[in-house]
Amino acid sequence: MSLGSTPSQTVGPYLSIGLTWEDGPAVVDEATPGAVWIRGVVTDGAGTPVPDALIETWQADPHGRFDHPDDPRGAQPGFRGFGRCPTNDDGEYGILTQVPGPLPGEAPHIDVSVFARGMLHRVVTRIYFPENADANAADEVLASVPEERRDTLIATRTGDGYRFDVRLQGEGETVFFDV
Amino acid sequence: MTTVSSSESGLALPSYRRDPEGTHPPLDSPGYKSTSLRHPQQPLVLLPHKLTEVTGPLLGPGRLGELDHDLTRQHAGEPQGQRIIVHGRLLDGDGRPVPNSLVEIWQANAGGRYRHKWDNWPSPIDPNFTGVGRTITDNEGRYEFVTIKPGAYPWKNHDNAWRPAHIHFSVFGTAFTQRLVTQMYFPDDPLFFQDPIFNSVPDEKARQRMISRYDHSRTMPEWALGFEFDIVLRGRDATPFENDEEDE
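An unreviewed UniProt entry annotates chain B as Protocatechuate 3,4-dioxygenase subunit beta of Prauserella muralis. The heading Sequence similarities (unreviewed entry) in the UniProt record of chain B holds the text "Belongs to the intradiol ring-cleavage dioxygenase family."

As recorded in an unreviewed UniProt entry, chain A goes by the name Protocatechuate 3,4-dioxygenase subunit alpha, listed as coming from Prauserella muralis. In its Sequence similarities (unreviewed entry) section, the UniProt record describing chain A reads: "Belongs to the intradiol ring-cleavage dioxygenase family."

Below, the structure written as structure tokens:
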């Protein structure tokens, strides 16, 4: 039996009442060794911050494992791997997590979904880390992205972690993937 | 390509079918004005399904409060409006139920007003209605909410624009590839014709899949009307794991 998928629709302007969790931004506890904040701003095609977006993240643990039965290496229990944070009135989000470990044949990365009013479907991007220059250079997905746009996928270092901005449209537009 | 079998990793991973053209709305949908500055202009880059994409958050009962599935019992009194039961199944594209999976909903009250700081159109807040629900699908992928029928509400997208009554649904499935946020509509809504969000879905049959079905068998006498809404997530391509192993 093959069934047609239910179509996507926008989260609308009031997504924050339905999709906000108190512990959403904390993939790990603040006290976790190596915990970092990944923060950024979501902006639209006019460069205006988007105050009604939601960022969701999904990633491996620091050893590159997932707590999931479809990880053929076996589930590694205990790491939630998932973060979500609505943007604030200035378009800012923040996710507290640990940097993921490398995956077989892939540089460490985090998958990101962006939802917002005015977006009828999520867009998907990836966060890579600046300290992994060699692994990034060998990464098949990064290599498939036009070279001049690759840096939109690489976070920059900050005092307490990383910065990763999302530009939905126009100059410096973030690379988005067809999943 | 039915499996991604990386020689570097030695991992055979499932791959999820891509939906046919027209199933989902284009991000650039000029009829819905807010899309104009919020859609990418560069082409999307094809992402192969690797470990991060074929896994996903499995969010379970730990996230639920006792009354999260009953939006009519979250306050001291009952909310205004038509009491309804919304139920259905979470399925993948092969008709397999997705069990133990988080379903989140949010909606306007009976007068079409959301309990959100930016919703200020002149229809009253209902002190007995928050409009937010959560539940987990059972072993057969079933979910059920008790709520009230949301009202239509005006917005400024075009002249005399009104959103048809709808409930927002958020589901995860079991893989990052399956993440879906959609809206459930009600049968025979007279506002469909002028709604650019509903009509943004190009394929007529796909659009109809967003409309719930009135379900008399689940209507409770002298209590509540029943509506059925199944949600279908992407299915997997055939995954010849066993064959692969035999070949090796």
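Okay, back to it.
Trainee: How should the overall build of chain B be read in this particular structure?
Mentor: Across its full length, chain B holds 3 helices and 14 strands. Each principal axis of the C-alpha atoms in chain B carries an extent, and together these give about 65 × 40 × 30 Å. The buried share of chain B, taken over its 248 residues, is 54%. Sequence separation of at least 24 residues holds for 72% of the intrachain contacts in chain B that already meet a minimum separation of 6. Once the 26 positive and 34 negative side-chain charges of chain B are each reduced to a mean point, those two points are 7 Å apart.

Trainee: Would you explain the environment of Leu103 of chain A in this entry?
Mentor: Tracing the backbone shows Leu103 of chain A in the loop between strand 4 (92-98) and strand 5 (109-116). For Leu103 of chain A, a relative accessible area of 6% translates into the label buried. A C-alpha to C-alpha distance of 8.4 Å links Leu103 of chain A and His63 of chain A, two positions 40 residues apart in sequence. Other than its neighbours up to four places away in sequence, Leu103 of chain A contacts Ala60, Gly64, Phe66, Arg73 and His109 of chain A together with Leu51 and Thr52 of chain B.

Trainee: Just checking my understanding: could you explain the confidence of the model for chain B for this structure?
Mentor: Detail in the predicted coordinates should be disregarded across regions flagged by low pLDDT. All names here are of chain B. Counting all residues, the mean pLDDT for chain B is 92, and 92% of those residues have values of 70 or more. Within the model, pLDDT remains below 50 along residues 1-8, and this stretch shows 17 contacts once partners closer than five positions in the same chain are excluded. With pLDDT under 50 throughout, residues 242-248 is counted as low confidence; its partners more than four residues away or in other chains account for 2 contacts. Both scores are given for the predicted complex: the pTM is 0.95, the ipTM 0.97.

Trainee: Where do I start with the UniProt feature "domain: Intradiol ring-cleavage dioxygenases" (unreviewed entry) in chain A in this structure?
Mentor: Per the UniProt record, "domain: Intradiol ring-cleavage dioxygenases" (unreviewed entry) is found at residues 32-170 of chain A. Along residues 32-170 of chain A, the helical share is 7% and the strand share 36%, with 38 Å between the first and last C-alpha atoms.

Trainee: Would you explain the environment of Arg163 of chain B in this entry?
Mentor: Summarising the element assignment, Arg163 of chain B is placed in strand 9 (residues 161-163). In terms of polar contacts, Arg163 of chain B uses its side chain to reach the side chain of Tyr185 of chain B, at 2.9 Å.

Trainee: Explanation requested: the sheet that holds strand 10 (residues 166-171) of chain B in the structure shown.
Mentor: Hydrogen bonds along the backbone pair up the strands of a sheet, which may run parallel or antiparallel. Residue and element names in this part refer to chain B. The antiparallel open sheet is built from 4 strands, whose spatial order is 6-5-10-11. Looking at which strands have only one partner, the edges of the open sheet turn out to be strand 6 (132-136) and strand 11 (180-185). If you compare each strand with its neighbour and ignore which way they point, the axes differ by 20 degrees on average. Bridge count for strand 10 against strand 11 is 6 bridges, and the pairing is antiparallel. Residue pairing across strands places Ile167 opposite Met184, the latter belonging to strand 11.

Trainee: Any chance you could explain the pattern of salt bridges here in plain terms?
Mentor: Opposite charge on two side chains permits pairing when their charged atoms draw close. Scanning all chains against the criterion turns up 30 salt bridges over all chains. Between Arg142 of chain B and Glu140 of chain B there is a salt bridge, with its nearest N and O atoms 3.3 Å apart. Under the relative-accessibility criterion, Glu140 of chain B is labelled partly exposed at 44%. Note that Glu204 of chain B and Arg207 of chain B form a salt bridge whose closest N and O atoms lie 2.7 Å from each other. Pair noted here: Glu204 of chain B and Arg207 of chain B are both in helix 2 (residues 204-208), with a separation of 3 residues, about one helical turn. Among the charged side chains, a salt-bridge network with shared partners connects Glu56 and Arg84 of chain A together with Glu104, Arg134 and Arg179 of chain B.

Trainee: Looking at this structure, how should I read the interface of chain A and chain B?
Mentor: Frequently, the measure chosen for interface size is the accessible area that the parts lose on association. Contacts between the two partners involve 75 residues from chain A, matched on the other side by 89 residues from chain B. For the pair chain A and chain B, the summed buried surface comes to about 6,800 Å²; carbon and sulfur atoms form 58% of the total. The interface formed by chain A and chain B contains 9 salt bridges. For Lys50 of chain B, the salt bridge identified is with Glu140 of chain A, shortest N-O distance 3.5 Å. One can count 41 residue pairs in polar contact (both at pLDDT 80 or more) joining chain A with chain B.

Trainee: So what exactly am I meant to see when it comes to unusual backbone geometry here?
Mentor: Outside of glycine, negative phi angles account for most residues, and trans bonds account for most peptide bonds. All names here are of chain B. At Asn100, a position not held by glycine, the phi torsion is positive, near 55 degrees. Looking at where Asn100 falls in the secondary structure, it is placed in the loop between strand 4 (83-92) and strand 5 (102-107). For Glu222, which is not glycine, the phi torsion reads 55 degrees and is therefore positive. Relative to the elements of secondary structure, Glu222 occurs in the loop between strand 12 (213-214) and strand 13 (225-228).

Reading the values: rules and limits
Within each chain, residue numbers correspond to sequence positions counted from 1 in written order. Written order decides the labels, with chains lettered from A and ligands numbered from 1. For a predicted model such as this one, the threshold for reporting local features is a pLDDT of at least 70, and the threshold for listing and counting side-chain atom pairs is 80 or more; totals across whole chains, interfaces and linings nevertheless cover every residue. Excluded from the side-chain calculation are hydrogens and water; included are all heavy atoms of the structure. UniProt positions are given in the numbering used here, feature names are shortened, and annotations may be inferred rather than shown by experiment. Counting from the N terminus, the helices are the DSSP runs of H or I reaching at least four residues and the strands are the DSSP runs of E reaching at least two. Exposure is judged per residue with a 1.4 Å probe applied to protein chains only, and the accessible area is read against the type maximum: over 50% gives exposed, under 20% gives buried, and values in between give partly exposed. The contact criterion used is simple: two residues touch if any of their non-hydrogen atoms lie within 4.5 Å. Under this rule, positive means Lys or Arg and negative means Asp or Glu; His and the chain ends count for nothing. For the purpose of locating charges, the reference atoms are NZ of Lys, CZ of Arg, CG of Asp and CD of Glu. The quantity known as pLDDT measures the predictor's confidence residue by residue, on a range of 0 to 100. Here a polar contact means two N or O atoms within 3.5 Å. Within protein one must be a hydrogen donor candidate and the other an acceptor candidate, and residues neighboring in sequence count only if both atoms are side-chain atoms. Pairing between two strands is assigned when DSSP locates at least 2 bridges connecting them. For every element, the axis is a line fit to its C-alpha atoms; helices are fit only across the contacting stretch, and the angle between N-to-C directions ranges from 0 to 180 degrees. We define a salt bridge as a side-chain nitrogen of Lys or Arg found within 4 Å of a carboxyl oxygen belonging to Asp or Glu. A 1.4 Å probe defines the accessible area here, and the buried area is the portion of it lost by two parts on being joined, summed over both.

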